[in-house]
Amino acid sequence: MHCPYCRHTDTRVLDSRVADDGGSIRRRRTCPEDNGGCGKRFTTIEQMQLTVLKRSGATEPFVRDKAIAGVRKACKGRPVDEDQLACLGQQVEDTLRLSGAAEVPAFEVGKAILGPLRELDEVAYLRFASVYNAFQSADDFEDEIARLRSEKAEHPVVELVETPEDDSAPQLISAPSG
């Protein structure tokens, strides 16, 4: 590691700590004066580089903003704000990093986006899925909508509602699906 002050090549690690929930390592370093250095201290952060393998065979670093750009297009005109997109981007990156692979195929990035996007906004999910899965006809949309509806029927949304008429305990009711 080169010293950022004097460009000396012989620096020494004083302290190493895990940062970003294990996603990176923070190292405190010094440039030793006794070996021709400047004696200054500095910090480096080492982060695992996540690489995306494109269909063409080329590789490029994973860039969260690039992954979210496609999602942003799918969310155009939908009630989805930038904070929600940022959270989705973090979820996608976390999912990819948890796989343990330093290099992930591009289609895995798309798969990692589909789940959280589906929870965020079903219309945006359908838009994104139509491009990701290369829908060819309205039948493809109908099939995906049918799949969404059947999964909703299998896992209905349950919410806690207090009844205003009396002071009895709150009741569980099923929210209407659809």
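Because the structure is a prediction, the values reported are computed rather than measured.

Thresholds, definitions, all that
Residues numbered from 1 in each chain as written. Predicted model: local features only at pLDDT ≥ 70, side-chain atom pairs only at ≥ 80, totals over all residues. Heavy atoms only, no water. Helix = DSSP H or I, 4+ residues; strand = E, 2+ residues; numbered from the N terminus. Buried < 20%, exposed > 50% of the residue type's maximum accessible area, 1.4 Å probe, protein only. Contact = heavy atoms within 4.5 Å. Pairing = 2+ DSSP bridges. Axes fitted to C-alpha atoms, helices over the stretch in contact; angles between N-to-C directions. Salt bridge = Lys/Arg side-chain N within 4 Å of Asp/Glu carboxyl O. Expected span 1.5 Å × (residues − 1). Bend = angle between axes of the 7 residues up to and from the residue. Phe/Tyr/Trp six-rings, centres within 6.5 Å; stacked < 30°, edge-to-face > 60°.

(A) Representation of the side chain of Glu 144 within the structure. Mapped onto the elements, Glu 144 comes out in helix α5 (residues 138–154). Accessibility expressed as a relative area gives 5% for Glu 144, which makes it buried. Not counting chain neighbours up to four residues away, the residues in contact with Glu 144 comprise Tyr 125, Leu 126 and Phe 135.

(B) Focus on the sheet that holds strand β4 (residues 51–53). Taken together, three strands build an open sheet; the order of strands is β5-β4-β6 and the sheet is mixed. The sheet is open, and its two borders are formed by β5 (59–61) and β6 (103–105), each paired with just one other strand. Strand-to-strand, the axes of this sheet are offset by a mean angle of 30°, without reference to chain direction. Relative to β5, β4 runs antiparallel, the two being bridged by three bridges.

(C) Molecular detail of the pattern of salt bridges. Counted by the stated rule, this structure contains 13 salt bridges. Among the ionic pairs, Glu 93 bridges to Arg 64, the shortest N-O distance being 2.8 Å. In this pair, Glu 93 is assigned in helix α2 (residues 82–98) and Arg 64 in helix α1 (residues 64–74), connecting sequence segments 29 residues apart.

(D) Layout of the sheet that holds strand β1 (residues 12–19). Strand order in the open sheet formed by three strands is β1-β2-β3, with antiparallel pairing between adjacent strands. Edge positions in the sheet fall to β1 and β3 (41–47), since each of these pairs with one other strand and no more. Across the sheet, the mean angle separating the axes of adjacent strands is 20° when strand polarity is ignored.

(E) Inspection of helix α3 (residues 106–120) at higher detail. In this model α3 runs 22 Å from its N-terminal to its C-terminal C-alpha over 15 residues, within 8% of the 21 Å that 1.5 Å per residue would give. At Leu 114, α3 shows its largest bend, some 25°, and a proline, Pro 116, comes one to four positions later. In this structure, the buried residues of α3 make contact with β4, α1, α2, β6 and α4 (122–132).

(F) Structural view of the environment of Ile 25. Among the structural elements, Ile 25 can be located in strand β2 (residues 24–30). Distance in space between the C-alpha atoms of Ile 25 and Ile 45 is 5.6 Å, their sequence separation being 20 residues. Ignoring anything within four residues of it in the chain, the contact list for Ile 25 reads Ser 16, Arg 17, Thr 44, Ile 45 and Glu 46.

(G) How the structure looks around the packing of aromatic side chains. For the structure on display, the rule yields two aromatic pairs. Ring geometry for Phe 128 against Tyr 132: centres 6.3 Å apart, planes inclined by 15°, an arrangement best described as stacked. One end of the pair is Phe 128 and the other is Tyr 132, both in helix α4 and four residues apart, which spans about a single turn. Accessibility expressed as a relative area gives 13% for Phe 128, which makes it buried. Using a relative accessible area of 23% as the deciding quantity, one classes Tyr 132 as partly exposed.

(H) Structural detail: the pairing of β2. Bridge count for β1 against β2 is seven bridges, and the pairing is antiparallel. Residue pairing for β2: Val 13 is matched across the bridge by Arg 29. Bridge analysis of β2 against β3 gives seven bridges, and the strand direction is antiparallel. From the neighbouring strand, Arg 28 faces β3, where its bridge partner is Thr 43.

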